[in-house]
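Structural characterization, general
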Amino acid sequence: MIINEIFYSLQGEGFLAGVPSVFVRLAGCPLRCKWCDTKYAWAEEAGRDYSIDEIIKTIQQWPCKFIVITGGEPMINSDLPKLAKKLKALDKHITIETAGIAYIPDLACDLMSISPKLSNSTPDDPKLAAIHKNARLDLAVLRELIDNYKYQLKFVVDSQNDLSEIHQTIKEIGNVVPNRVMLMPQAATREKFLAKSPMVAEMCKQGGFAFSQRLQVLLWNNQRGT
Ligand code: SF4
């Protein structure tokens, strides 16, 4: 598998924010979101080839039960089921961070952390915008994911105007348990995160959603490897 990076940190986002976790970042994502904070992992070859055993050996240098498989977009990687199975055999807790654009059945996964992309993530380049538009929201895939895995739905919020699109997306997916939905500010720096947080907190109160931290931004200002 082409692995972009493996590091030990705290889970920064979602219901497990603050939990010490090892991150395994797989290479490759077709979406090219405008504000993506891991552009360095977009290309399928953005990393180095690891065997599954090598990944496990690297992970095991840290005494940590929680593993976050992220990207890029890990759900498009055909070797993901093998890696997840091996981690589960070691009794690890597995979170998969995904944009919800691909479905894999019967994955060993304790938390499917789904971040459906809103129109605020559309790239400026018209060619990339067209690819992004066709791929960013697949309602059938999102339904399969929430029906078959324990999940959280994290929406990245840029402005107040996003609230109606969030409500509409949840309605279109259907069957979403409201207390599994979280909103988090779109912010690549600590300063922007703090500036946007009060607005997002009010939106959470209006919509009955949870506020998601971004500890990697708050604590380390989004440095790579955090
Ligand atoms: S889906 Fe995630 S990894 Fe892919 S471009 Fe968008 S923000 Fe970046």
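Residues numbered from 1 in each chain as written. Predicted model: local features only at pLDDT ≥ 70, side-chain atom pairs only at ≥ 80, totals over all residues. Heavy atoms only, no water.

A separate point is the pattern of salt bridges. Inspection of every chain in the model, using the stated rule, returns 14 salt bridges. Salt-bridge contacts for R224 lead to E5; the nearest nitrogen and oxygen are separated by 3.2 Å. On the criterion of sequence distance, the pair formed by R224 in the segment after α7 (215-220) and E5 in strand β1 (residues 2-10) is long-range, its members being 219 residues apart. Each of E13, D37, E97, K154 and R214 takes part in a single network of salt bridges with overlapping partners. (Salt bridge = Lys/Arg side-chain N within 4 Å of Asp/Glu carboxyl O. Helix = DSSP H or I, 4+ residues; strand = E, 2+ residues; numbered from the N terminus.)

The strand order β3-β1-β2-β4-β5-β6-β7-β8-β9 describes an open sheet built from 9 strands, whose pairing is mixed. For this open sheet the edge positions go to β3 (48-49) and β9 (210-211), each flanked by a neighbour on one side alone. Sheet analysis places strand β8 (residues 181-185) next to β9, joined by 2 bridges and oriented parallel. Paired with L183 across the bridge in β9 is F211. Against the sheet, helix α1 (residues 52-59) engages β1, β2 (20-26), β3 and β4 (66-70), with an angle of about 20 degrees to β1. On top of the sheet, helix α2 (residues 80-89) reaches β4 and β5 (93-98); it is set at about 155 degrees to β5, its chief contact. (Pairing = 2+ DSSP bridges. Contact = heavy atoms within 4.5 Å. Axes fitted to C-alpha atoms, helices over the stretch in contact; angles between N-to-C directions.)

A few words now on the nonpolar core. Counting residues in hydrophobic clusters, the biggest one holds 50 residues, and the most contacted among them are L107 and M112. Not counting chain neighbours up to four residues away, the residues in contact with L107 comprise M75, L80, P81, A84, I96, M112 and Y149. In terms of nonpolar packing, the next biggest core, distinct from the first, is built from 7 residues, C29, C33, W42 and A99 among them. (Core = buried A, V, L, I, M, F, W, Y, C linked by side-chain atoms within 4.5 Å. Buried < 20%, exposed > 50% of the residue type's maximum accessible area, 1.4 Å probe, protein only.)

Of the residues making up α2, those classed as buried are L80, L83, A84 and L87. All buried residues of α2 fall inside an arc of 95 degrees around its axis, so they share one side. Away from its buried face, by an angle of more than 90 degrees, α2 presents the exposed residues K82, K85 and A89. Buried-residue contacts for α2 involve α1, β4 and β5. D91 lies just past α2 and shows a positive phi near 65 degrees. (Arc of directions from axis to C-beta.)

The calculated volume of the largest pocket comes to roughly 760 Å³. Together, 42 residues line the largest pocket, and R25, D37, T38, T70 and G71 are the ones closest to its centre. Where the lining of the largest pocket is concerned, the elements lending two or more residues are β1, β2, β4, β5 and β7 (151-157). Among the residues making up the lining of the largest pocket, the classes are represented as 17 nonpolar, 15 polar and 10 charged. (1 Å grid on protein atoms, 1.4 Å probe; cavity = no way out; pocket = protein on both sides within 12 Å on 5 of 7 lines; lining within 4 Å. Points joined across faces, edges and corners; volume = space filled by probe spheres on them. Nonpolar A, V, L, I, M, F, W, Y, C, P; charged D, E, K, R; others polar.)

Turning our attention to the site of the ligand. Lining the immediate surroundings of the ligand are C29, L31, R32, C33, W35, C36, T38, W42, G72, A99 and K117. Comparing atom positions with the cavity grids shows the ligand to sit within the largest pocket. Per-class residue counts for the shell around the ligand are 7 nonpolar, 2 polar and 2 charged. (Near = heavy atom within 4 Å. Sits in = over half its atoms within 2 Å of the grid points.)

This paragraph deals with helix α4 (residues 139-148). Along an α-helix, residues three or four positions apart point the same way, because every turn accommodates 3.6 residues. Burial in α4 covers these residues: V141, L142, L145 and I146. Buried residues in α4, looked at end-on, bunch into an arc of 125 degrees, giving them a common side. Elements in contact with the buried residues of α4: β6 (111-114), β7 and α5 (162-173).

Viewed as axis vectors pointing N to C, α1 and α2 meet at an angle of 45 degrees, and their least axial separation amounts to 10 Å. One element, α1, and the other, α2, form an angle in the oblique class. Crossing of α1 over α2 shows right-handed handedness. In contact with I52, D53, I55, I56 and I59 of α1, α2 contributes K82, L83, K86 and L87. Residue composition of the contact of α1 with α2, by class: 6 nonpolar, no polar and 3 charged. (Parallel < 35°, antiparallel > 145°, perpendicular 65-115°, else oblique. Left-handed = near helix turned anticlockwise from the far one by under 90°.)

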